[in-house]
There are 2 protein chains.
Amino acid sequence: MMSNPNKRSRMPTIKDVAKKASVSVGTVSRVLADNDTVKEDLRKRVLSAMRELNYKPNLAARALRTNSIDVVGLIVPDITNPFFAQLAKNIEMEAATRGQSVMLANSHDDPDTERTQVSALHDRAVSGIFVVAATDGSRPFTADIPIVSLDRRYGSYPLVATDQRDGSRKLAAHLHDLGHRKIAYIAGPEGMGVSRERRDGFVEQIEKLTSDDDPVELAIYHGDFSYDAGEAIGRLILESSPSERPTAIAAASDQQAIGVMRSARDLRINVPQDLSVTGFDDIALASLVVPRLTTLRQPIEDMASGAVERIFLPTEEQTDFAIRGSLVVRQSTAPPPSRD
Amino acid sequence: MMSNPNKRSRMPTIKDVAKKASVSVGTVSRVLADNDTVKEDLRKRVLSAMRELNYKPNLAARALRTNSIDVVGLIVPDITNPFFAQLAKNIEMEAATRGQSVMLANSHDDPDTERTQVSALHDRAVSGIFVVAATDGSRPFTADIPIVSLDRRYGSYPLVATDQRDGSRKLAAHLHDLGHRKIAYIAGPEGMGVSRERRDGFVEQIEKLTSDDDPVELAIYHGDFSYDAGEAIGRLILESSPSERPTAIAAASDQQAIGVMRSARDLRINVPQDLSVTGFDDIALASLVVPRLTTLRQPIEDMASGAVERIFLPTEEQTDFAIRGSLVVRQSTAPPPSRD
DNA sequence: CTGAAAGCGCTTACAG
DNA sequence: CTGAAAGCGCTTACAG
């Protein structure tokens, strides 16, 4: 009879180690826990027994006893979104430094799926869950484990995100500095917190820089964060006559901005000579398009470390954490064309 | 005294359910397992007790008993690579249909990290591990749990991947059909299985279509799969005089192909009028660049389902699975310019 | 400082 | 068909 080849062969247990080292299992467990007070020679015996047997603690047993496993959950709307992929990578790296693995799930931007995912992770007794809330309004799950919102607020859980207003202000100031006085702003989906923040920051800064003898014209559009929305709105904006149309378009995401650049190319409008374009995020593609995109770099590493740090803090110390991004000036922005 | 707010409140156990339903824990466990033979009225009592208590089985305890958890591991070189992100998403979806969660790790293309990750997942007693092997030569881990190679062979574990040769043949035939007789092929890194397969398939097909009175000139280049490599090699190829240079460039990845298109734009060579370009993979970006890229679509959904299916098969049935991709003709290819 | 023992919450032979 | 009981591999008071 063949044994099932998929069956894990019997692994050495703490008991085997104890026997080989002639100590009790308690002692083995203590050296495992790096416990203060195990006499050096016992400790050595145990360690070498572990090595000889190639002992690895059974994580499920430990989890059962301590009711916690070294796993954190991460839920994103869609891992194929380059920004979330970048975030996931950094969360994974940051978690790894703390000996935590990460369980990944996609909510597909669907609130019900999201809820199911959170609940499933909760059932698995993960140490904490990071969630990038779905665009379309979450139905947050009330869990008795730490949850941290990433990028977008999930329920009323603490939020780690870029300071959206500050970022938009920097972009607005950059365009104004270059001399643009007729600007279009493409915002994200209406009603989404992130969209609102970015838009308000931009408007705020423009208003601040506007005076009676140096007026700025600012038009606002809305669309989702995608390439396609950017392209459609870009076309809409740019189809007006050269004297009518803005000299700069600021988009609420890099993807939108790249869409805008495509529409400009279709209409034979040169970026940046005839039109400046800015994005937001600094996804990898931003520096790969031609011309390379001026944008606001989200401090993803800091977001990841801030989020991971918070998830292990006592709940009452889990405050919001807004991190300032940095302006990255590339080739998609320039002074406006001179007009006579 | 405040209790720690992070402590999970005591969850109802199988014992609580048993008591409430006035049955033994064994019986509860049996209804949990959807076990054949629990008399209907007991079954009902148990079910309603579970509902009332909002009982959720403790997965760690179950894992300890059965020595397996409903989790699979996935290791990719880099989740920010759009192809791997797409793959991860599909694996996650496919695993979800089987009630499995997925644990994600990045190897950063580093064989040692990869090994550590596989080992860590193994320690967690996952049901199986998918690995997209690191580019730079893995040092495979011998595990007593199922492992399936995805896209690139890991050790000697069964491989689920696109039929690379077939895909390249299709691209070669497409270019030849259009009339191209002077073609450059940019292969992936030398020594990598995938690179070799794609290249050989291409060469094979071209040779097959070549005859004495209809010769084809084919030049081969090598570089990694990145945008930058594509751009650099593209420039190298295209800097020769118009009569010297190829009328088509086939790249071993979409990223390379997009790089090639950038170099063409810099050199004011029009795609596809003066130069046809093809990629491989069909990443999302392929249909977003201008002109949209003709490429070979990897059947990612099929790869995901094939891989997940295999991981739950007995080892001896875990055969390789090569899936044919499909040619996606877009605007980056056209007949060669007519020359006098 | 160390050992013996209880117990985490399940599943599964074993009886009946 | 169901219950009583053993046991998965750990950790952690409790003694000494």
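All values derive from a computational prediction rather than experimental measurement.

Trainee: Give a detailed account of the overall build of chain A, specifying residues and quantitative values.
Mentor: Across its full length, chain A carries 11 helices and 12 strands. Over its C-alpha trace chain A gives a radius of gyration of 27 Å, far above what one expects of a compact globule, namely 20 Å for 340 residues. With respect to the three principal axes, the spread of C-alpha positions in chain A is 95 × 50 × 35 Å. For chain A, buried positions account for 52% of its 340 residues.

Trainee: Lay out the domain arrangement of chain A with the relevant residues and their values.
Mentor: How big an interface is tends to be expressed through the accessible area that disappears when the partners come together. Examined at the domain level, chain A breaks down into domain 1 (14-57), domain 2 (71-157) and domain 3 (164-299). Computed over C-alpha atoms only, the centres of domain 1 of chain A and domain 3 of chain A are separated by 62 Å.

Trainee: Can you lay out helix α10 (residues 254-266) of chain B for me, pointing to particular residues and giving the numbers?
Mentor: Because an α-helix packs 3.6 residues into every turn, residues spaced three or four apart end up facing the same way. Residue and element names in this part refer to chain B. Look at α10: 18 Å from first C-alpha to last across 13 residues, which is about the 18 Å you get at 1.5 Å a residue. A large share of α10 lies buried, amounting to 11 of its 13 residues. By the burial criterion, the buried members of α10 are Asp 254, Gln 255, Gln 256, Ala 257, Ile 258, Gly 259, Val 260, Met 261, Arg 262, Ser 263 and Ala 264. Looking one or two places after α10, you find Arg 268, whose phi comes out positive at around 60°.

Trainee: I'd like a rundown of the protein's contact with DNA strand D, residues and numbers included.
Mentor: With respect to spatial proximity, 24 residues lie near DNA strand D, and among them Ser 29 and Arg 65 of chain A together with Thr 27, Arg 30 and Lys 39 of chain B are the closest. A share of 66% of the atoms of DNA strand D within 4 Å of the protein falls on sugar and phosphate groups. Contact between DNA strand D and Arg 62 of chain A: a phosphate oxygen at 2.8 Å from a side-chain N or O atom of the residue. One of the side-chain N or O atoms of Arg 30 of chain B is found 2.7 Å from a base oxygen in DNA strand D. Of all the secondary-structure elements, those providing two or more residues to the surface near DNA strand D are α2 (25-32) and α4 (59-66) of chain A together with α2 (25-32) and α4 (59-66) of chain B. The element contributing the most residues to the surface near DNA strand D is α4 of chain A, with 5 residues. When the residues that make up the surface near DNA strand D are grouped by side-chain class, the tally is 9 nonpolar, 8 polar and 7 charged.

Trainee: Could you give me a rundown of the interface of chain B and chain A, with the residues and numbers involved?
Mentor: Contacts between the two partners involve 54 residues from chain B and, on the opposite side, 54 residues from chain A. Carbon and sulfur atoms make up 52% of the area that chain B and chain A hide from each other, which totals about 4900 Å². At the surface where chain B touches chain A, the tally comes to 4 salt bridges. In this structure, Lys 89 of chain A and Asp 78 of chain B form a salt bridge, with 3.3 Å as the shortest nitrogen-oxygen distance. Seen at the junction of chain B and chain A, the total is 14 residue pairs in polar contact (both at pLDDT 80 or more). Looking at the side of chain B that touches chain A, the elements that each hand over two or more residues are α4, α5 (82-96), β2 (101-106), α6 (111-123), α9 (227-238) and α10 of chain B. Sort the elements by how many residues they give to the side of chain B that touches chain A and β2 of chain B lands first, with 6 residues.

What counts as what
Residues numbered from 1 in each chain as written. Chains lettered and ligands numbered in written order. Predicted model: local features only at pLDDT ≥ 70, side-chain atom pairs only at ≥ 80, totals over all residues. Heavy atoms only, no water. Helix = DSSP H or I, 4+ residues; strand = E, 2+ residues; numbered from the N terminus. Rg over C-alpha atoms; globule rule 2.2 N^0.38 Å. Buried < 20%, exposed > 50% of the residue type's maximum accessible area, 1.4 Å probe, protein only. Domains from an automatic or database assignment. Expected span 1.5 Å × (residues − 1). Near = heavy atom within 4 Å. Polar contact = N/O pair within 3.5 Å; in protein donor to acceptor, adjacent residues only side chain to side chain. Nonpolar A, V, L, I, M, F, W, Y, C, P; charged D, E, K, R; others polar. Contact = heavy atoms within 4.5 Å. Buried area = accessible area lost by both parts, 1.4 Å probe. Salt bridge = Lys/Arg side-chain N within 4 Å of Asp/Glu carboxyl O.

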